[in-house]
Every structure is written in C-alpha cells, then in structure tokens.
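Here's the letter readout for the chains.
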Amino acid sequence: MNLQFQFDGNMSREVLESYLSRAVTAAFLFESDTLEDDLRVIARLGAKFLGRASGTWGATGNDELHFARSKALADRVHEQDPEIILQACVFEYITTEMEKERIPAYVLEAFGKPVEDRCFRFEDARMLPEEGQTEEVFAGGAVPDLNRDEARMWFYYRATKYIDCGYEALHMGQVHMYTAEDRGMKKTYELFRMIRDYAAKHARRHKVLMDAHTHGVSVNGELLFDYHAMPFTRAPLERYEGTRLVLVREGFSEGGLNPNGWSGEQMPYLMEYDNWCGKMFDEATVEEAIANRGRHQMARWQWWGFDQIGYFANQPEEVRNHLIEYTYRWTQVNNPHAFFEIPFRRTLGAAPVRFERGDNGKIDYNSEYQLNNKSAACPMGFGQEDMVKACWEDGDRLREGYANPEHLIRYGCHEQYDPETGFKLPEKVVVYGSFQPFVGCEENNSNSEVTRMYYVGDNTYTLTVIIPFAGEYDYAVSTYGTLSAVYTAHGYRAASGDGCKARFTTKRDNSIVKFTFRYMDNKVTAEVVE
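Below is a short write-up of the structure. (Residues numbered from 1 in each chain as written. Predicted model: local features only at pLDDT ≥ 70, side-chain atom pairs only at ≥ 80, totals over all residues. Heavy atoms only, no water.)

1. Focus on the overall build of the protein
Which entries qualify depends on this criterion: Numbering of helices and strands runs from the N terminus, with a helix taken as a DSSP run of H or I at least four residues long and a strand as a DSSP run of E at least two residues long. What the globule rule says is 2.2 Å times the number of residues to the power 0.38, and the radius of gyration is computed from C-alpha atoms. Note on exposure labels: buried denotes an accessible area under 20% of the residue type's maximum, exposed denotes more than 50%, and partly exposed covers the range between, all computed with a 1.4 Å probe on protein chains only. Every residue pair with non-hydrogen atoms within 4.5 Å of one another is taken to be in contact.
When helices and strands are counted, the protein shows 14 helices and 27 strands. What you see for the protein is a C-alpha radius of gyration of 25 Å, in line with the 24 Å of a compact globule of 530 residues. Oriented by its inertia axes, the alpha-carbon framework of the protein measures out at about 80 × 60 × 55 Å. A buried classification covers 58% of the 530 residues belonging to the protein. Of all intrachain contacts in the protein linking residues separated by at least 6 positions in sequence, the fraction that spans at least 24 positions is 69%.

2. Structural notes on helix α12 (residues 317–334)
How we decide: Expected span, for any helix, means 1.5 Å times one less than how many residues it has.
Given a rise of 1.5 Å per residue, 18 residues ought to cover 26 Å, and the 25 Å separating the end C-alpha atoms of α12 matches this to within 8%. Of all 18 residues in α12, 16 are buried; the element is thus mostly enclosed.

3. So, the side chain of Asn 459
By the element assignment, Asn 459 lies in the loop between β20 (454–457) and β21 (460–467). In this structure Asn 459 touches Asp 418, Leu 425, Phe 517, Arg 518, Tyr 519 and Met 520, once residues within four positions along its chain are discounted.

4. Here we look at unusual backbone geometry
Excluding glycine, a negative phi dihedral is what most residues carry, and trans is how most peptide bonds are arranged. Despite not being glycine, Arg 52 has its phi angle at roughly 60 degrees, a positive value. Of note in this structure, Asn 220 is not a glycine but carries a positive phi near 55 degrees. Position of Asn 220 relative to the elements: it lies in the loop between β6 (218–219) and β7 (222–223). Here Asn 220 falls in the exposed class, since its relative accessible area comes to 83%.

5. Remarks on the pattern of salt bridges
Rules: By definition here, a salt bridge exists when the distance from a side-chain nitrogen of Lys or Arg to a carboxyl oxygen of Asp or Glu is within 4 Å.
Enumeration over the complete set of coordinates arrives at 40 salt bridges. Linking Lys 207 and Asp 226 is a salt bridge whose minimum nitrogen-to-oxygen distance equals 3.0 Å. Remark: Asp 226 occurs in the loop between β7 and β8 (228–231) and Lys 207 occurs in the loop between α8 (186–202) and β5 (209–211); sequence separation between them is 19 residues. Of the two residues, Lys 207 and Asp 226, both sit in the buried class. Ionic pairing is found between Arg 346 and Asp 274, a salt bridge with its closest N-O pair at 3.3 Å. Of this pair, Arg 346 sits in strand β15 (residues 342–347) while Asp 274 sits in the loop between β13 (269–272) and α9 (286–293); the two residues are 72 residues apart in sequence, bridging distant segments of the chain. Grouping residues by exposure puts Arg 346 and Asp 274 together as buried. Several salt bridges converge on common partners, so that one network encompasses Asp 37, Arg 40, Arg 44, Glu 385 and Asp 386.

6. Topic: the sheet that holds strand β26 (residues 511–518)
This is how it is decided: What makes two strands pair is DSSP finding at least two bridges between them. Only the stretch in contact is used when a helix axis is fitted, and all axes are lines through C-alpha atoms; the angle between N-to-C directions ranges over 0 to 180 degrees.
Strand order in this open sheet of four strands is β20-β21-β26-β27, and the pairing throughout is antiparallel. Each end of this open sheet is capped by a strand with a single partner; those strands are β20 and β27 (523–529). Strand after strand, the sheet turns through a mean of 25 degrees between neighbouring axes, direction not considered. Where β20 lies against β21, three bridges are found, and the strand directions are antiparallel. Of the residues in β21, the one forming a bridge with Tyr 454 is Thr 462. Across the sheet, α12 touches β21, β26 and β27, and the angle it forms with β21 is around 170 degrees.

7. Re the pairing of β15
Of all six residues making up β15, five are buried, and the element is well covered by its neighbours. Across three bridges, the pairing between strand β1 (residues 23–26) and β15 is parallel. In the strand pairing of β15, Val 24 is matched with Ile 342.

8. A word on the packing of aromatic side chains
The criterion, for reference: Here the aromatic set is Phe, Tyr and Trp, taking the six-membered ring for Trp, and pairing holds for ring centres within 6.5 Å; pairs whose planes are under 30 degrees apart are stacked, those over 60 apart are edge-to-face, and all others are tilted. Throughout this description, the term charge over a ring refers to an Arg CZ or Lys NZ atom that lies within 6 Å of the ring centre and within 35 degrees of the ring normal.
For the structure shown, the criterion picks out 41 aromatic pairs. For the cation-ring pair, Lys 48 lies above Phe 5, with the distance from its terminal atom to the ring centre recorded as 5.1 Å. Across the ring face of Phe 339, the terminal group of Arg 399 is positioned such that the distance to the ring centre comes to 4.3 Å.

9. Digging into the packing of helix α2 (residues 35–45) against helix α13 (residues 385–394)
Defined as follows: Angles are sorted into four bins: roughly parallel if under 35 degrees, roughly antiparallel if over 145, roughly perpendicular if 65 to 115, and oblique for all others. Each crossing gets its hand from how the near helix is turned against the far one by less than a right angle, where anticlockwise is left-handed and clockwise is right-handed.
One way to put it is that α2 packs onto α13 with a least axis distance of 10 Å and a crossing angle of 25 degrees. Considering the angle they form, α2 stands roughly parallel to α13. Judged by the twist between their axes, the crossing of α2 over α13 is right-handed. Residue-level inspection shows Arg 40, Val 41, Arg 44 and Leu 45 of α2 in contact with α13, the latter providing Glu 385, Asp 386, Val 388, Lys 389 and Trp 392.

10. Examining the packing of helix α3 (residues 63–80) against helix α6 (residues 149–164)
Stated formally: Classes in brief: Ala, Val, Leu, Ile, Met, Phe, Trp, Tyr, Cys and Pro nonpolar; Asp, Glu, Lys and Arg charged; the others, Gly included, polar.
Across the interface, α3 lies against α6 with an axial gap of 10 Å and an inter-helix angle of 35 degrees. Contacts from Asp 63, His 66, Phe 67 and Ser 70 of α3 reach α6 at Trp 154, Tyr 157, Arg 158, Lys 161 and Tyr 162. Considering only residue class, the contact of α3 with α6 consists of four nonpolar, two polar and three charged.

11. Examining the nonpolar core
To keep it simple, the criterion reads: Residues belong to one nonpolar core when they are buried, are Ala, Val, Leu, Ile, Met, Phe, Trp, Tyr or Cys, and are joined through side-chain atoms within 4.5 Å.
Residues Leu 50, Met 172 and Ile 195 are the most contacted members of the largest nonpolar core, which totals 144 residues. Here this core gets nine residues from one element, more than from any other, and that element is α6. With sequence-adjacent residues up to four places away left out, Ile 195 is seen in contact with Tyr 156, Ala 159, Ile 163, Leu 170, Val 208 and Met 210. Core analysis: the second largest hydrophobic core is formed by 18 residues, Phe 49, Ala 169, Leu 223 and Met 267 among them.

12. A look at the sheet that holds β8
Overall, parallel pairing links the three strands, which are arranged β8-β13-β14 in an open sheet. This sheet does not close on itself; its edge strands, each paired only once, are β8 and β14 (338–340). Going across the sheet, the axis of each strand differs from the next one's by a mean of 30 degrees, ignoring polarity. Where β8 and β13 come together, four bridges link them in parallel fashion. Each residue of the ladder has a partner; that of His 228, found in β13, is Tyr 269. Relative to the sheet, α12 contacts β13 and β14, its axis offset from that of β14 by approximately 170 degrees.

13. So, the side chain of Arg 346
Note the following rule: Any N or O atom pair separated by 3.5 Å or less is treated as a polar contact, with the protein-specific requirement of one donor-capable and one acceptor-capable atom, and with residues adjacent in sequence counted only for side-chain atom pairs.
Judged by its relative accessible area of 2%, Arg 346 falls in the buried class. A distance of 3.1 Å separates a polar atom in the side chain of Arg 346 from a polar atom in the side chain of Glu 272. A distance of 3.0 Å separates a polar atom in the side chain of Arg 346 from a polar atom in the side chain of Asn 275. Among all residues touching Arg 346, those that are not within four sequence positions of it are Thr 25, Ala 27, Arg 52, Glu 272, Tyr 273, Asp 274, Asn 275, Ile 309, Glu 368 and Tyr 369.

Listed below in structure tokens is the structure:
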C-alpha cells in the first residue's frame, strides 16, 4: 500500500485505508499521565489514527473542563504531527449528569427550537422501557433514543464540540441500540448529515469520519458510516494446555455509496480488542477460577473469563507479543478490507495487571493497558511497541499476496460449470484436519463453515489461514461435507473415509498456510508462508 495522508474535505479510499492501516486504540488519551512518552511512541511507530482519544461513558458533569482537556490533547498531538486524526466517542449511554450541561443556542437553532436558557433533559432523551421491561439496560443510566429530539440534540452537541476541539473522527458506539425506535434510521441519517455539514464548515480539514460497532447500515444504497468497526470473535483451545485461544474467521463490511462519494462492494473496517468490564470471575487468578468452576465453563466464558483487552493484558509479555503478530497477520489474510486497530491505551476495568515499575522497581498495578516499552517515562508500560513496529514494517505483503477473497459470505461458487465437460462444480468445499482447532473450529470437521474454501474461478478453490503455533498438521478436502470422496496431496483419485490425509509443517509461530484445490484435476496443495 502506498500510504497517503493528505486530504481536505472528502477522502479517497486510498487515504482512508492508509489511516486505518496505521490506527491504534488510544482510549482516553486526554487523561494520560505519560503523554510525552505516548507521543514518543506515536512518532516512532508512525501512528496516524488515534482511536477513542477522548470521550466519556455517559456524561462528564463538567463539559467545560472535559472539552478543554480534549482540545489541549489535540493541540499537542497536532503540534507534533498535523496529519494525525484523533477520534472522539459519542456512546450509547446517558445519565442524569447530562442535566448539568446547558444547551448552546446553535444547537437549538439547528433543530428549529426556540432559543432558551435551559439544560438537557435526561427523561426526554432516554429510551423508554419496552412493555413489561422492569430493568434499565445500564444500571444508573439509560440508552438514548435517537427517535427523540432531545437525544439527537445531545448527540449533535457532543459531536460538534469535539469537532471544534480538533477531532476529525467520531466513534458512535452501538448504533443499533440507540436507533431501535427510529424506523429505517431516517432521523439518524438526518442527524449524521447535520454533523457532517458542521464538519465541512468547522473541522480542521473540513471532514469528520464516523464509524460504529456495526457490519454496516445502508438505506437505498447510501451508507451511514465512512467505515465500520467490530470486535474480534474467539474460540478457546480448550483441549490444549494453558488458556490460549484463536480468532474465528468472520466479519463483513456492507458496501454501497460511501459518505465520501465513492462506492464499493465492501467498505474498509477496523477490528479491535474490545473492553467492557475486565474480568468476570472473583478469584485472584484464572487458574484458581478454572479449579473452582471447571475448565469447560471458563473456556467458554468470554475470553477465559476476561473481556478482550483484559485477556490480552493479563498474558505474559511473550504471549502478548505473539498475539499482536498473530492478530495482525490474521486480519490481513482473513479479509483484504479489514485493519487491526492496535491496542495502544485501553482501560482494564476489573483486570488490572501487577508487575514491577520501571522507575523505582516497586511492585504496582496498572489499570490501563499501555503499549509503551517500560521506562522511567512510562513505568508501567507493557512493552509491545517493538512488535507493532515490526508488524507495520512488514507492511501489506500478506494482504496483497494471500488474503482470502472479499466475498466472505457468498463463497463465490453458485451455478458454476466446468467449461470443458459441463460438469457442475460443488458449491461447498471444505478443507479439514488436525489444524482446524487452531483456526477456530472442531478438529476433523469435514462440514465446517469456518474452513470452507472460496471459489476463485478456473475450477479452483482456495482458503488462507494463520496457524498460531509451529508444528505438524494433517489436512484433506471434502465436497459438501461428505467423506465418501476425500481428496489429498497424495494423488488425484478420490479416497473414502477420514484416514487419508496429507501433512504440512509450520516451522515458526503465526505462519500463513494457503490451501488450494483444483476440482476437475483433484489437485490439493498447502503452501506454507513464514
């Protein structure tokens, strides 16, 4: 990829993907007490998109201070690198603290309301319970309802204030929650156009990018978001030693007319280690929780009883480094339009990590994951900056050379016929074997959708996977899940049963393996890419 970071107004796909390829989750960076070292790491890595750099869960109760601190961060970052995009958050949660904030006159005027001196009203903005519902979705607060003027004014107010502070991207949280009463999202589209119009006049480069946790929202082919954002999905390696897990092939980013004016069958999207509470078990360690609750329960309970960033941060340093490289490579080969939003700074909630400080040698807890190498300037750094630098220096060679096709849902083979014989080609072809648990499904499952192969034309099916651990694995190919006609690299003739498999060896962790099957020739190969 030829990285490009210049824009003014609408952004080309090349520029958007350049920014997403250098994206990090820098959650609440405006609160960091190690900002100077954070800026050093940002410069060293060449990060260009600082996700979630400001925002608040609910309401601050003192927006004047919040936006002053948010602007101070943006000014300092742009002093170092004016090309960087900072992202702020407008979440799916409100509290009565919003009633401490006065509605600016320009907000009331934008919604055709009479200008008056009043604060926001929580009860007029909240999502009302469904009939028979007795509990709040969030304790102590509520989901806003964008079918109501008060909620839309709250969103507009916060979005425009961040734009005024120098933020050029907005993460809009869980969009499908707060739009539940807005049938067809008609009012949401109108609100987001208002925000974009404001940015066109007031933003640093006359543009604001908008995303949310969604696979896409499209009305008459017109997309609501510039790109999409999704957390990862995992499968535990329950049968193997330790508490390892693998990522599961998934993800689809809706195509259509992008707000920037160009179209595509799929939009770019970010994938991230999400957070919600840190950890769910009360025991001091996951080993104790496994002993008390059973290995099966813990394996199936989120990420071994943690949220995503909590699991990652609580691994030993060598495992964290392994996971960064694994996730970076996994994202590149599993969808050419997906980008790994590297964890740079993220709250750990109930899963703080205890280790030795880099300034005085004392044992301490860090309640925030920080990418930085540990030093006196960042005494509780987790130390992944070298691995991230190595990944980004490796670039897009795997995406460009080995990524699976973009038709993740369709698989590409429907009513396809061999041009020579007229023989109908199978729609479903599955590669299976001992490697399958390491890509997120059951071992030797010849009917798995997870390891279903893509038809790429010319009688050929392919699938690219990442194998997280070095070793020897077996594999074979079945059509339509049947074991009555199994194909391997041993020869072109079909075999019957599960015993006939070929083998491949990965000499290093996080190797890429590309399986290829030519149907009429019955030729099977496994290419290992270190």
